[in-house]
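# Chain and residue survey
Each chain is listed here by its residues.
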Amino acid sequence: MIQFIKNAWYVAGFTREFDEQLRRFTILDEHIVMFRRSDGQIAALDGRCPHRLLPLSKGKRIGDTVQCGYHGLTFDCSGKCTRVPGQDNLPASAYVHAYPTHSRHGITWVWMGDVDKADPGQIFDLPEFAEDKEILEAVQEEEARPQKRRPIRIAIDKAPLVYRKRINDLLELERTEDLASDPSPAFVYHD
Ligand code: FES
């Protein structure tokens, strides 16, 4: 089973690529519908309508709301339902999750975990030494040649191991938190 760290920022795409169109993205195996709001911010909502699960990307953009393409439930950028055709009351369960987003370095990031923990300050700065394709290919070429001595190791070479351990610790933390929460019922009925 693939495990993901939820409480982290994930890249959705280049910020310049977002416009008013509804676009579907898959991040951590979750479908998300994203679009640029009228104020220029990027909205990200759960990609499935909570009624009959039609992908909201197949719906219609009306101002800063998304209208489901099946029966017309409409959601604003906070995920709140603003309209249910055929009835006046808005059921409490008629909402979709709204993912926090943040644009930095020309990239739009999506927070996939607890909304309360979303901190744009966690988005890393661009590394000082970028390992670009040209460098990696040159290193690979030299590694394939006979060598008289073994490459030396310095402190920064520990970074991947330290990072891997940190990821494993975070996965374990989120896994044990999940076990403590109640299972969700498959369906919630509302008149
Ligand atoms: S499936 Fe979206 S309103 Fe029915």
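Scroll up to find the structure this text is about.
Values in this document were obtained by computation on a predicted structure and should not be read as measured data. (Residues numbered from 1 in each chain as written. Predicted model: local features only at pLDDT ≥ 70, side-chain atom pairs only at ≥ 80, totals over all residues. Heavy atoms only, no water.)

This paragraph deals with a nonpolar patch on the surface. The grouping of Ile152, Ile154 and Ile156 at the surface amounts to a nonpolar patch, some 340 Å² of accessible area in total. Tracing the backbone through its elements, the reader meets Ile152 in the loop between helix H1 (133–143) and helix H2 (159–180). (Patch = residues over 30% accessible without salt bridge, like charges linked within 9 Å, V, L, I, M, F, W, Y side chains within 5 Å. Areas by Shrake-Rupley, 256 points an atom, 1.4 Å probe, with all protein chains shown as cover. Salt bridge = Lys/Arg side-chain N within 4 Å of Asp/Glu carboxyl O. Helix = DSSP H or I, 4+ residues; strand = E, 2+ residues; numbered from the N terminus.)

If you walk through the whole model with that rule in mind, you get 8 salt bridges. Of the charged contacts in the structure, one is a salt bridge between Arg61 and Asp64, with a shortest N-O distance of 3.0 Å. Given a relative accessible area of 21%, Arg61 falls into the partly exposed group. Accessibility expressed as a relative area gives 25% for Asp64, which makes it partly exposed. Of the charged contacts, one joins Glu142 and Arg145 as a salt bridge, the two residues approaching to 3.5 Å between their closest N and O atoms. In this structure Glu142 comes out as partly exposed when scored by relative accessible area, which is 47%. With relative accessibility at 49%, the residue Arg145 sits in the partly exposed group. (Buried < 20%, exposed > 50% of the residue type's maximum accessible area, 1.4 Å probe, protein only.)

Time to look at the sheet that holds strand E2 (residues 23–27). Here we have 3 strands laid out as an open sheet, ordered E2-E3-E4, and antiparallel in their pairing. Only two strands of the sheet have a single neighbouring strand rather than two, namely E2 and strand E4 (42–46). Taken over all neighbouring pairs, the strand axes of this sheet differ in orientation by 35° on average, direction set aside. (Pairing = 2+ DSSP bridges. Axes fitted to C-alpha atoms, helices over the stretch in contact; angles between N-to-C directions.)

This paragraph deals with the layout of surface pockets. Of the voids in this model, the second largest pocket is the one considered here, and its volume is about 520 Å³. Mapped onto the lining of the second largest pocket, the elements with two or more residues apiece are strand E1 (9–14), strand E10 (107–111) and H2. Ranked by the residues each element gives to the lining of the second largest pocket, the list is headed by H2, at 4 residues. Across the lining of the second largest pocket, the residue classes tally to 11 nonpolar, 2 polar and 2 charged. (1 Å grid on protein atoms, 1.4 Å probe; cavity = no way out; pocket = protein on both sides within 12 Å on 5 of 7 lines; lining within 4 Å. Points joined across faces, edges and corners; volume = space filled by probe spheres on them. Nonpolar A, V, L, I, M, F, W, Y, C, P; charged D, E, K, R; others polar.)

Moving on, we get to the packing of aromatic side chains. Given two aromatic rings, one states the distance between the centres and the angle between the planes to describe the pair. In the structure shown here, the tally under the stated rule is 2 aromatic pairs. Taking NZ or CZ as reference, Arg16 lies 4.6 Å from the ring centre of Phe14, over its face. (Phe/Tyr/Trp six-rings, centres within 6.5 Å; stacked < 30°, edge-to-face > 60°. Lys NZ or Arg CZ within 6 Å of the ring centre and 35° of its normal.)

So, about the environment of Gly47. Relative to the helices and strands, Gly47 resides in the loop between E4 and strand E5 (60–62). Residue classification places Gly47 among the buried residues on the basis of a relative accessible area of 2%. Along the primary structure Gly47 and Val33 are separated by 14 residues, whereas in three dimensions their C-alpha atoms are 4.7 Å apart. Residues contacting Gly47, with those up to four places away along its chain left out, are His31, Ile32, Val33, Leu54, Pro55, Leu56 and Ser57. (Contact = heavy atoms within 4.5 Å.)

Here we take up the sheet that holds strand E9 (residues 101–104). Read across the sheet, 3 strands follow the order E1-E10-E9 without closing on themselves; strand pairing throughout is antiparallel. In this open sheet, the two edge strands, each paired with only one partner strand, are E1 and E9. The mean angle between the axes of side-by-side strands here comes to 30°, regardless of whether they run parallel or antiparallel. Two elements, E1 and E10, share 5 bridges in a ladder whose sense is antiparallel. In the strand pairing of E10, Trp9 is matched with Trp111.

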